[in-house]
Amino acid sequence: MDRREFLQAMAFGCVAGQETVNAGSTEQKVSIPVNSKFARKLLSEHRIQKIETRLLQDRYPRLVGRNARLGHHGRGGQYQISILITDKGVRGWGMSHGPDEQVKKFVGLQVSELFDIEEGTNEDALLLDIPLHDLAGAILGAPVYALLGAKGPRKLPIYSGAIYFDDLDPEDKPRGIEGVLTSCQQDYEAGYRAFKLKIGRGFKWMPREEGIKRDIEVTRAVREKYPDCLILVDANDGYTCKDMMRYLSAVADCDLFWVEEPFPENRDDLLKLKEHMAKIGCKALIADGETRTERSEKWWRYGGYSQRHIDTLFALAEEKLVDVFVLDLGIVGFTNWRRIMPELEQSGVKASPHTWGWIPRPFYVAQLAAGVGNVIIVEGIPGKTEGVDYSAYKLVNGQIVVPDEPGFGLKLV
Ligand SMILES: [Mg+2]
């Protein structure tokens, strides 16, 4: 089994296998997969007593630079979390964008009125989707992946999604390729064994030909320095089909794992690209679908993505022109991801929910992946969040190991 086959086998749970374990709980012992009837009863015995909101601040390990389209990504953002506390003193928390006034109405309700073990969060309470999954896990003494059925592997490949155009910074004294290699090394030392390189420097930051040349040089330099690591590339739709074919020809021996958003997705160009890839022996997967050009008018099972966007993606997947959907974790929504994963699986398409740029999100995806399977690799975000303890999760041999702690296993400190 080569590296690629191993990863694909892992994504389908063929390697790690499923295990039946007892979740570490203070009060209750719940076997995995969780018994729904038992779980519903326990959830009905807790009422929401208090909902607190707090702001968290992420700290990336360095200034994250530009990609093909966007300027500097900064040193880590600020975002809101909600902390749910039940009348029995159990807590659950997670990212949530809901304003306080909109969630007040849930105080006094049974947890089972907001969340079902098999269905996830009720439509009404989706503002608290992540906190409710964490709370249900805390009440049941079970990790989120167990609530989801424990269908996927507990060890998942993860890549660093924080390698941007570091060769172009600082702007007054650009470091060149060494800048990118330094970022890779920092993430390698943090445990990553897969890097996603941003490409598309010629879209707006460099003259086109120079940009393509630099993209090629960077890719080759990272491959040379890290022969044992996976390399993914992401053009943020900043290439033309013709230029992407030239780029891929020039890095054909670099064994790219995937090419993400090479250009705005369309059948003709993807067909040409795939034919070209076959000709040059490039086995990279095509990952697409993150960027939306329109919003859905109402929330549906693909959340805020439009039906047209999703239909296009599935049509492309059917022709094997797109292999991995990188739809965003939050735009689809956690509960929706639970429901749509079987549809992706049936269509022979893998998932890797987009997580950039909030540090808790890769951990949510790791639980989703261990819970419902079909996630080929997790987008990781190196760094720390002030006031959060992520230590239950370990990176071992480039894989993230999903812990047996209740809920998401992330602690507020
Ligand atoms: Mg992307």
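In this text, all values refer to a predicted model and were calculated from it rather than measured experimentally.

(A) Quick look at the coordination of the magnesium ion. D234 (OD), E260 (OE) and E290 (OE) make up the full set of protein donors to the magnesium ion, lying at 2.0 to 2.5 Å. When the donor residues of the magnesium ion are listed from N- to C-terminus, their spacing reads D-x25-E-x29-E. Pair noted here: E260 is in strand β9 (residues 258–260) and E290 is in the loop between β10 (285–288) and β11 (295–300), with a separation of 30 residues, a long-range link. Classification of E290 by relative accessible area gives buried; the value is 17%.

(B) Spotlight on helix α2 (residues 36–44). All of the buried residues along α2 are S36, A39, L42 and L43. Buried residues along α2 cover an arc of 125° about the axis, so they all sit on one side. α2 presents K37 and K41 as exposed residues on the side facing more than 90 degrees away from its buried surface.

(C) Structural detail: the packing of aromatic side chains. The full count for this structure, using the stated rule, is 14 aromatic pairs. Each ring, one from F195 and one from Y226, has its centre 5.0 Å from the other, and the planes form 65°; the classification is edge-to-face. Highlighted residues: F195 in strand β7 (residues 194–198) and Y226 in the loop between α8 (208–225) and β8 (230–234), separated in sequence by 31 residues. Here the aromatic residues W300, Y302, F314 and F325 are joined through ring pairs into a cluster of three or more. One residue, R66, lies across the ring of W205, its end atom 4.8 Å from the ring centre. Looking at R193, its charged tip hangs above the ring of Y188, at a distance of 3.5 Å from the centre.

Rules of the game
- Along each chain, residue indices are assigned from 1 in the same order as the chain's sequence is written.
- Thresholds applied to this predicted model are a pLDDT of at least 70 for local features of residues and 80 or more for the giving and counting of side-chain atom pairs; totals over whole chains, interfaces and linings are not thresholded and use all residues.
- Only hydrogens and water are set aside when side-chain values are computed; all heavy atoms of the structure are taken into account.
- Listed donor atoms are N, O and S within 2.8 Å of the metal (Na, K and Ca: 3.2 Å). As water is not included, a site may look incomplete.
- Here a strand is any run of E in DSSP of at least two residues, a helix any run of H or I of at least four, and the numbering for each starts at the N terminus.
- Categorising residues by exposure relies on relative accessible area from a 1.4 Å probe, with only protein chains included: less than 20% of the type maximum marks a residue as buried, more than 50% marks it as exposed, and the intermediate range marks it as partly exposed.
- The directions from the helix axis to the C-beta atoms form the arc being described.
- Here a pair means two rings of Phe, Tyr or Trp (six-membered ring of Trp) with centres within 6.5 Å. Their orientation is stacked below 30 degrees between planes, edge-to-face above 60, and tilted elsewhere.
- Charge-over-ring contacts are defined here by two conditions on Lys NZ or Arg CZ: a distance within 6 Å of the ring centre and an angle within 35 degrees of the ring normal.

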